[in-house]
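Spelled out from the first residue to the last, the chains are:
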Amino acid sequence: MTYIYLMSNVKPLHKELIMSHVDHLKELKNQDKLVFCGPFTDYPGGMVIFLAEDLAEATKIAKSDPFIASGCKSFEIRTLEPANEENNYLLGE
């Protein structure tokens with residue numbers, strides 16, 4: 001399943017924490033779980049789109065992000081059902 005965790009800023013970040021967050025993202029990439037990530041340009045926060053077996057694993061992954069674990073960012077998880085050419089954009093047959 002594809003999940004997104006949306007992050008909102010709570011406390012200021014520092015360089016060491018940002019580097020730990022990037023290491024977290026690299027680890028997700030190494031596990032072939034990272035789909036897309038980045039900060040918002042029009043809102044104080046960012047998102048990570050990733051793959052997980054279920055909501056429990058997705059929540060564990062999000063909570064292990066140093067931004068979230070440190071309390072510097074709050075988060076919400078959403079489940080995403082991809083719509084694309086392969087599945088006829090969810091229109092069925």
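According to UniProt, the comment filed for the chain under the heading Sequence similarities (unreviewed entry) is "Belongs to the YciI family."

(A) Structural context of the overall build of the chain. Within the chain, the secondary structure is distributed over three helices and four strands. If you list the helices and strands of the chain from N to C, you get β-α-β-β-α-α-β. With the principal axes as the frame, the chain shows a C-alpha extent of 50 × 30 × 20 Å. When the 93 residues of the chain are sorted by exposure, 31% land in the buried category. Pairs at least 24 residues apart make up 68% of the contacts formed inside the chain by residues separated by at least 6 positions.

(B) Seen up close, the nonpolar core. Ranked by size, the top nonpolar core spans 17 residues in total, and within it Tyr 5, Val 48 and Phe 50 carry the most contacts. If sequence neighbours within four positions are ignored, Tyr 5 has contacts with His 24, Gly 46, Met 47, Val 48, Phe 50, Ile 61, Ala 62, Asp 65, Ile 68, Phe 75, Glu 76 and Ile 77.

(C) Region of the structure containing the sheet that holds strand S1 (residues 2-9). What the four strands build is an open sheet, ordered S2-S3-S1-S4; its pairing is antiparallel. Every other strand in the sheet has two partners, leaving strand S2 (34-39) and strand S4 (73-80) as the edge strands with one partner each. For this sheet, the mean inter-axis angle between neighbouring strands, taken without regard to orientation, is 15°. Judged from the five bridges that link them, S2 and strand S3 (residues 45-51) form a sheet pairing that is antiparallel. Across the sheet, Phe 36 pairs through a bridge with Ile 49, a residue of S3. The strands that helix H1 (residues 15-30) touches are S1, S2 and S3; relative to S2, the one it contacts most, it runs at about 160°. Against the sheet, helix H2 (residues 55-64) touches S1, S3 and S4, its axis set at about 150° to S4.

Thresholds applied
- Residues numbered from 1 in each chain as written.
- Predicted model: local features only at pLDDT ≥ 70, side-chain atom pairs only at ≥ 80, totals over all residues.
- Heavy atoms only, no water.
- UniProt positions renumbered as here; feature names shortened; annotations may be inferred.
- Helix = DSSP H or I, 4+ residues; strand = E, 2+ residues; numbered from the N terminus.
- Buried < 20%, exposed > 50% of the residue type's maximum accessible area, 1.4 Å probe, protein only.
- Contact = heavy atoms within 4.5 Å.
- Core = buried A, V, L, I, M, F, W, Y, C linked by side-chain atoms within 4.5 Å.
- Pairing = 2+ DSSP bridges.
- Axes fitted to C-alpha atoms, helices over the stretch in contact; angles between N-to-C directions.

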